[in-house]
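Summary of the model geometry
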Amino acid sequence: MSVEAGIDALRADLRSGRRIYVVTAALFLATAIVGFGPNAAAIYSGRYAVSPLVHVHGALMLSWLVLLLAQSALVSTGRAQLHRTLGRVSFALAPALAIVMIAASLASYHRQLAAGRPPVVLGNALLAEASLVLQFGVLVTWALLARGAAPETHKRMMLMATVPLLSAAAGRMPWLPFTAGASSEFDKVAVLYPLLLVAPAILHDAARSGRVHRAYLIGLVIVLAATVATNELWSSPAWHNLVRSALG
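First, a word on what this report is: a plain description of the structure on this page.

Rules behind the numbers
- Residues numbered from 1 in each chain as written.
- Predicted model: local features only at pLDDT ≥ 70, side-chain atom pairs only at ≥ 80, totals over all residues.
- Heavy atoms only, no water.
- Helix = DSSP H or I, 4+ residues; strand = E, 2+ residues; numbered from the N terminus.
- Buried < 20%, exposed > 50% of the residue type's maximum accessible area, 1.4 Å probe, protein only.
- Patch = residues over 30% accessible without salt bridge, like charges linked within 9 Å, V, L, I, M, F, W, Y side chains within 5 Å.
- Areas by Shrake-Rupley, 256 points an atom, 1.4 Å probe, with all protein chains shown as cover.
- Salt bridge = Lys/Arg side-chain N within 4 Å of Asp/Glu carboxyl O.
- Axes fitted to C-alpha atoms, helices over the stretch in contact; angles between N-to-C directions.
- Parallel < 35°, antiparallel > 145°, perpendicular 65-115°, else oblique.
- Left-handed = near helix turned anticlockwise from the far one by under 90°.
- Contact = heavy atoms within 4.5 Å.
- Nonpolar A, V, L, I, M, F, W, Y, C, P; charged D, E, K, R; others polar.
- Core = buried A, V, L, I, M, F, W, Y, C linked by side-chain atoms within 4.5 Å.

Considering the environment of Ala 70
- Position of Ala 70 relative to the elements: it lies in helix α2 (residues 52-76).
- Taking the relative accessible area as the measure of exposure, Ala 70 reaches 28% and is therefore partly exposed.
- Spatially, the C-alpha atoms of Ala 70 and Ser 131 are 27 Å apart, while their sequence positions differ by 61 residues.

Here it is as structure tokens:
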């Protein structure tokens, strides 16, 4: 084999390794579209009114998923410099998304409480949202801090940071098996469904290197620990007393 052929083979191998991130990011975007599509259609057709914060949240969420897909595609096609330049957007987009998620949740809590919704139901919804924001915040901060020094950790953590954001989309798919549906119980299965989307990337890692990268393991521990904690606090007097004392 000539040197040129060897280099071409190496480049092809590297590209094939990068494509898994493009596939995973595309799965993320498709999941959000399937989950939120019916709601978005109802909102923009005028059949369902929401606050401006919800529109902002939707726009930021879509921007995050499109940015993740674009960044994965840029690396896959070897345009690393453009990837680094565009990546600076995430330093503003990530905190903006977290802040708007918190603001929208608090606004919804007060609005529905005033409309007579049961405080326990609203407190549980607030708990679920707080768990997602906390997971996203920890994982995306880790990913951004690793951006320069540990690019292999960075790209995997960016995937894991996006996983919690997709649980709301999975919760809007009642046809998924084993989900709680309209039950008042914590829908832990729907929360964990997005982990299946990152499973191909984890298996790809294991097949190529014989081990799972620690970024995936850390991400899984954080997501699973948050899910267990949310399940334990669900409808608990301690959590709802805290909500009442903090929010009234």
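What about a nonpolar patch on the surface?
- Residues Leu 134, Val 138 and Trp 142 make up a contiguous nonpolar surface patch of about 280 Å² in total accessible area.
- In this fold, Leu 134 is placed in helix α5 (residues 119-145).

Concerning the packing of α2 against helix α3 (residues 80-87)
- Two elements in contact, α2 and α3, have axes whose closest approach is 8 Å; the angle formed by their N-to-C orientations is 160°. Taken together, the axes of α2 and α3 lie roughly antiparallel to each other. Considering how the two elements wind past one another, α2 and α3 form a crossing that is left-handed. Residues Leu 67, Ala 70, Gln 71, Leu 74 and Val 75 of α2 form the contact with α3, whose participating residues are Leu 82, His 83, Leu 86 and Gly 87.
- Among the residues making up the contact of α2 with α3, the classes are represented as 6 nonpolar, 3 polar and no charged.

Quick notes on the nonpolar core
- The biggest cluster of nonpolar side chains holds 40 residues, and the ones touching the most others in it are Trp 64 and Phe 136.
- The next biggest cluster of nonpolar side chains, apart from the first, holds 9 residues, and it includes Leu 122, Val 191, Trp 234 and Trp 239.

Section: the side chain of His 240
- Among the structural elements, His 240 can be located in helix α11 (residues 237-247).
- For His 240, a relative accessible area of 6% gives the class buried.
- Setting aside residues no more than four positions away along its own chain, His 240 makes contact with Pro 119, Val 120, Gly 123, Asn 124 and Ser 235.

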